[in-house]
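# A look at the structure
As a plain string of letters, each chain reads:
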Amino acid sequence: MNASETTPLRAVALVCTLSPSPAPSSSQLLAEQTMAALSEHGVSGEVIRIADHDVRAGVKTDMGDGDAWPEIRDTVLGCDILVLSTPIWLGHPASTAQRVMERLNAEMSETDEEGRMLTYGKVAAVCVVGNEDGAHKVSADLFQGLNDVGFSLAPNAVTYWVGEAMHKTDYQDLDTTPEATADATATLAANTAHLARRLKASPYPATA
């Protein structure tokens, strides 16, 4: 095994539940499970619940006046992997997830000395939970946005759970993790860590 296969990696999970701590959160639970799966591949990191911070609306890296995003952004840019975890609301990602994507939009104007976005070489993955169908639509929306702002995506870079329509059971209410979700989380972790190491060892070429 060469060094590129054992290089330590850092990850951050941004949890986009609408509820601040200490309220229980299925999005938080699946994010924590994903981080645990990543840890099996030499990835360390932290989980940040966006609702616990004053992330201002806007499309700049710093909206001023106590905006909490600059510190979160520093954490994201200091990591190799970004995990974005969201519930489904009305068939869409939570408004908190949309706000994160809007703030990440500013990265399209931030480049290194070779013309690459600062997010180039970083890998993203998505966690989705909900009580209705829509996980594929939500992940598709987030995948496209994350790609637009410079993140790379490994194969099967989403893990999700959706309950039966019109029922009230949440992911956090389950006695055990469904096998399909556990398998998806394990695959996400393995592929995402693999891609992150490859990009860390061999960055994208400079922009022409």
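Before any of the text, the structure's been laid out above.
Residues numbered from 1 in each chain as written. Predicted model: local features only at pLDDT ≥ 70, side-chain atom pairs only at ≥ 80, totals over all residues. Heavy atoms only, no water.

## Observations concerning the side chain of Thr 119
Heads up, the condition is: Secondary structure is summarised from DSSP: a helix means a run of H or I of at least four residues, a strand means a run of E of at least two, and numbering begins at the N terminus for each. Relative accessibility under 20% of the residue-type maximum defines a buried residue, over 50% an exposed one, and the middle range a partly exposed one, all with a 1.4 Å probe and only protein chains included. Under the rule applied, a polar contact is a pair of N or O atoms within 3.5 Å (in protein, one hydrogen donor and one hydrogen acceptor; residues adjacent in sequence only if both atoms are side-chain atoms). In what follows, residue pairs with any heavy atoms lying within 4.5 Å of each other are defined as contacts.
Here Thr 119 lies in the loop between α3 (95-104) and β5 (123-130). What makes Thr 119 buried here is its relative accessible area of 1%. Here Val 149 takes part through its backbone oxygen, which lies 2.5 Å from a polar atom of the side chain of Thr 119. Non-local contacts of Thr 119, meaning those with residues more than four positions away in its chain, are made with Leu 77, Glu 107, Val 149, Gly 150 and Phe 151.

## Concerning the pairing of strand β3 (residues 81-89)
A regular strand carries its side chains on alternate faces of the sheet. Our working rule: A pair of strands is treated as paired once DSSP finds two or more bridges between them.
Counting buried residues in β3 gives eight out of nine residues, a clear majority hidden from the surface. Two strands pair when backbone bridges link them, and strand β1 (residues 9-15) and β3 are joined in this way by five bridges, in the parallel orientation. When the sheet's bridge partners are listed, Ala 13 is paired in β3 with Val 83. Relative to β5, β3 is paired through seven bridges, and the arrangement is parallel. Bridging across to β5, Thr 86 finds its partner in Val 128. Alignment of β3 against strand β4 (residues 92-93), held across two bridges, turns out to be antiparallel. Across the sheet, Ile 88 pairs through a bridge with Pro 93, a residue of β4.

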